[in-house]
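Structural description and commentary
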Amino acid sequence: MSTALYALKCDQDDMRQLSTTVDALKRDQDDMRQLSTTVDALKCDHDDMRQLSTTVDALKRDQDDMRQLSSTVDALKCDHDDMRQLSTTVDTLKRDLDKERNRTAALEQRLHEMSKTLLSPSTGCTMWREVCYKAFNIRTTFSDAAAACRADGGTLAMPRDAETNAFLISLYKSVHGRSQVEFWIGLHDRRREGSFEWLDGSALGTYNSWRSGEPNNAWDEKDCVVVWVPSFSWNDIPCGTPQHYICQAVPGRPYWQDSHRNNGSPTIRSKT
Ligand SMILES: [Ca+2]
Ligand SMILES: [Ca+2]
C-alpha cells in the first residue's frame, strides 16, 4: 500500500512538472507569436522606409529643378529689365527722330519760302547767263550791301569777265540814269592787302577792269571795290563809304547752297 501510494505521489509530481512545462511552452508560444507580429511590423516599416527614401530622392530632384527654375527666372528678370531700358532708349530715339523730322520739315518750308523771296525775275532782277542781277537804289557801306544781298539769298555782283562787267554797267545805267554814284561789286582785299578776292573766297583771276592807277590803296584804307561811274572802271575805296550796289543770285538756289561759298564774310583784317 505504501509502495502504491508512493508511486502515485511520484506520478503526481511528474504531472505537476509536466503542467509547469506545458505552461512554459504556452508562454513561449505566445512570445513567438508576438515576435512574429513584431517582425511583420518591422517588415512593413522597412517597406515604408524604402518608399520614404524614394520620395526623398524625388523631392531632392524637384529641389534641384526649382533651383534651376529660380536661376532661369532671375535671368529672365534681368532680360526684362534690359528690354525695358532698351525700350526706353528706343522711345527716346523715336522722339528725337520725330523732332529732327519736324525740324527738317520746318527748315525745308523756310527754305522754300525764302527761295520765293530770293532775287528772281518776278522780284525785279534781270537774268544774265542764268544769274539774276538787281541794282539797288540805296546807298550803304560795303558790308551792309553784302549783308543785304545775302539776306536775299545772293551776294554782291561778281563780274569775272568783260561781258558780265559790261552787262552790270548797262543794268546800272538803266536803273540810275545819269547818276554819278559808284556801285559796289563783290571784290575786296580786306583779308590781305593787295590780294583782291571775290566775296565767295575765290581769287580775282586774270580779268579786271581797274581804272588807270588803281588799285592804289591810298592812305592804306581802301579795301573794297566800286565801279567808278564816270568811266565805269574799277576803283578801290574805303569800305565804309555809302554807295549803290548790285546783287546777284541764282534763282532757286540760295547763295548759301553753293559749295564754294565763303559765307560772304571772310576774316577781315583790322585797320589801324
Ligand atoms: Ca587795299
Ligand atoms: Ca583807289
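See the structure shown above.
The following refers to the structure shown. Please read these numbers as outputs of a predicted model, since none were measured by experiment.

Moving on: the overall build of the chain. Each helix and strand in the chain was counted, giving three helices and eight strands. Secondary structure of the chain in N-to-C order comes out as α-β-β-α-β-α-β-β-β-β-β. A fraction of 70% describes how many contacts in the chain between residues 6 or more apart in sequence connect residues 24 or more apart. By element, 54% of the accessible surface of the chain is carried by carbon and sulfur atoms, the whole surface being about 18,100 Å².

For a metal bound by four donors in a tetrahedral arrangement, the ideal donor-metal-donor angle is 109.5 degrees, while six donors in an octahedral arrangement ideally sit at 90 or 180 degrees. Every protein donor of the calcium ion (ligand 2) is accounted for by Glu214 (OE), Asn216 (OD1), Asn235 (OD1), Asp236 (O) and Asp236 (OD), and the metal-donor separations fall at 2.1 to 2.4 Å. Look at where the donors of the calcium ion (ligand 2) fall in the sequence and you get E-x1-N-x18-N-D.

Further remarks concern the pairing of strand E2 (residues 131-140). Within a regular beta strand, the side chains point alternately toward one face of the sheet and then the other, so they alternate between its two faces. Sheet analysis places strand E1 (residues 126-128) next to E2, joined by three bridges and oriented antiparallel. When the sheet's bridge partners are listed, Trp128 is paired in E2 with Val131. In textbook terms, the turn of a hairpin is the stretch between consecutive antiparallel strands, and for E1 and E2 this stretch comprises two residues, one of which, Arg129, has a positive phi near 50°. Two strands pair when backbone bridges link them, and E2 and strand E8 (residues 243-249) are joined in this way by six bridges, in the antiparallel orientation. Bridged to Tyr133 within E8 is Gln248.

The final tally for this structure, using the stated rule, is nine aromatic pairs. A centroid spacing of 4.5 Å and a plane angle of 25° characterise the contact between Tyr172 and Phe183, whose relative ring orientation is stacked. With Tyr172 in helix H3 (residues 162-176) and Phe183 in strand E4 (residues 183-188), the pair connects residues that are eleven residues apart, well separated along the chain. Classification of Tyr172 by relative accessible area gives buried; the value is 0%. Accessibility expressed as a relative area gives 0% for Phe183, which makes it buried. Pairwise contacts between aromatic rings join Phe196, Trp198, Tyr207, Trp210 and Trp234 into one cluster. The positively charged end of Arg211 is found above the aromatic ring belonging to Trp228, 3.6 Å away from the centroid.

All told, the structure shown has three disulfides when counted by the stated rule. The partner cysteine of Cys125 in its disulfide is Cys132, sulfur to sulfur 1.8 Å. Across the S-S bond of Cys125 and Cys132 the torsion is about 95°, and the bridge reads as right-handed. For Cys125, a relative accessible area of 7% translates into the label buried. Owing to a relative accessible area of 0%, Cys132 belongs among the buried residues under this scheme. With a sulfur-sulfur separation of 1.9 Å, Cys149 is cross-linked through a disulfide to Cys247. Between Cys149 and Cys247 the disulfide shows an S-S torsion of about -80°. By sign, it is left-handed. Of this pair, Cys149 sits in helix H2 (residues 142-151) while Cys247 is found in strand E8, placing the two residues 98 residues apart along the sequence.

To continue, consider the nonpolar core. Counting 39 residues, the largest nonpolar core has Leu156, Trp184, Ile185, Leu187, Trp234 and Ile246 as the members making the most contacts within it. When contributions to this core are tallied by element, the ones reaching two or more residues are E2, H2, H3, E4, strand E6 (224-228), strand E7 (233-237) and E8. Top contributing element to this core by residue count: H3, with five residues. Ignoring any residue separated from it by four or fewer positions in sequence, one finds Leu187 in contact with Phe142, Phe196, Glu197, Trp198, Leu204, Trp210, Asp223, Cys224, Val225 and Trp234.

Let's shift gears to the coordination of the calcium ion (ligand 1). For the calcium ion (ligand 1), the protein coordination sphere consists of Asp189 (OD), Asp189 (OD), Glu193 (OE), Glu193 (OE), Asn217 (OD1), Lys222 (O) and Asp223 (OD), at 2.4 to 2.8 Å. In terms of primary sequence, the donors binding the calcium ion (ligand 1) are separated according to D-x3-E-x23-N-x4-K-D. Assessed through its relative accessible area of 14%, Lys222 is described here as buried. Residue Asp223 is classed as buried on the basis of its relative accessible area, which comes to 4%.

Rules of the game
- Residues numbered from 1 in each chain as written.
- Chains lettered and ligands numbered in written order.
- Predicted model: local features only at pLDDT ≥ 70, side-chain atom pairs only at ≥ 80, totals over all residues.
- Heavy atoms only, no water.
- Helix = DSSP H or I, 4+ residues; strand = E, 2+ residues; numbered from the N terminus.
- Contact = heavy atoms within 4.5 Å.
- Areas by Shrake-Rupley, 256 points an atom, 1.4 Å probe, with all protein chains shown as cover.
- Donors = N, O, S within 2.8 Å, 3.2 Å for Na, K, Ca; no water.
- Pairing = 2+ DSSP bridges.
- Phe/Tyr/Trp six-rings, centres within 6.5 Å; stacked < 30°, edge-to-face > 60°.
- Buried < 20%, exposed > 50% of the residue type's maximum accessible area, 1.4 Å probe, protein only.
- Lys NZ or Arg CZ within 6 Å of the ring centre and 35° of its normal.
- Disulfide = S-S within 2.5 Å.
- Core = buried A, V, L, I, M, F, W, Y, C linked by side-chain atoms within 4.5 Å.

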